[in-house]
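# A structural walkthrough
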Amino acid sequence: AWHGPAGLGAGGKTLSNPSATSVSDGSGNHYVIVSAEGPNNSLILYTDTNGTWSAPAQSNAQTTFAAPSAALPVSGGSAAQYFYVRGAGDDLDQWEWLPGSPPHAFGFYPVGPGDVTGSAPAALDENAVTALGPSNSLYFYWFGGGGWRGPLGVGAAGSSFSIPSIAEKVPNSSNNPSIAVEGPGN
């Protein structure tokens, strides 16, 4: 049955579309994490642990400039959650949430260089993310060889006019993703 609304944040705390994900850890705990752009361009996370919502966790100000995209880990046994954001200077950044004590630990990792991310990102998993690039192009980033790679220009300038959507062809494989965007002429 549907329940709610839960009223996770006070007025003025959620400034973008939310993105949600869920995971279970090896200890039988189940987490639902809802992310959004928060006050002062922060990343804000609302966490439900086994049916109980916690106070929101919030990153530093001036780190999140569009709706985040939540992604699950591809490595088995990990309860880490990843959130991709359009960061300061139009770079692409990855934030990591880890359960534990405290359960709202943030880790930050740059994915793509500045002045290239033109939209909120879309993440497939912890290894594959896409976003608009300069002049309405489409960029793809992937993790491999010990670090982030890209951007790979998968759509030329003038090809992409919406936040992208990404899906995988084979479960748990970011080797062959499909990406969709609104094209020229709608």
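Note: the structure precedes this text.
The sections below set out a description of the structure shown in this document. Here the structure is a predicted model, which is why all the values come from computation and not from measurement.

Conventions and cut-offs
Residues numbered from 1 in each chain as written. Predicted model: local features only at pLDDT ≥ 70, side-chain atom pairs only at ≥ 80, totals over all residues. Heavy atoms only, no water. Buried < 20%, exposed > 50% of the residue type's maximum accessible area, 1.4 Å probe, protein only. Helix = DSSP H or I, 4+ residues; strand = E, 2+ residues; numbered from the N terminus. Pairing = 2+ DSSP bridges. Salt bridge = Lys/Arg side-chain N within 4 Å of Asp/Glu carboxyl O. Contact = heavy atoms within 4.5 Å.

### Some thoughts on the pairing of strand β1 (residues 19-24)
Strand residues, when the strand is regular, have side chains that alternate between the two faces of the sheet. Residues Ser19, Thr21 and Val23 line the buried face of β1, whereas the alternating positions Ala20, Ser22 and Ser24 sit on a face that is not buried. Across six bridges, β1 lies against strand β2 (residues 30-38) in antiparallel orientation. Residue pairing for β2: Ser24 is matched across the bridge by His30. Hairpin remark: β1 followed by β2, antiparallel, with five residues in the connecting loop; positive phi at Gly28, about 85°.

### As for the pattern of salt bridges
For the coordinates displayed, the defined rule picks out one salt bridge. The partner of Asp90 in a salt bridge is Arg86, and the shortest N-O contact between them spans 2.9 Å. Judged by relative accessible area, which is 28%, Asp90 ranks as partly exposed.

### Considerations on the side chain of Glu37
Mapped onto the fold, Glu37 is located in strand β2. If sequence neighbours within four positions are ignored, Glu37 has contacts with Lys13, Thr14, Leu15, Ser16, Ser42, Ile44, Thr64, Phe65, Ala66 and Pro68.

In short, geometric facts, not functional conclusions.
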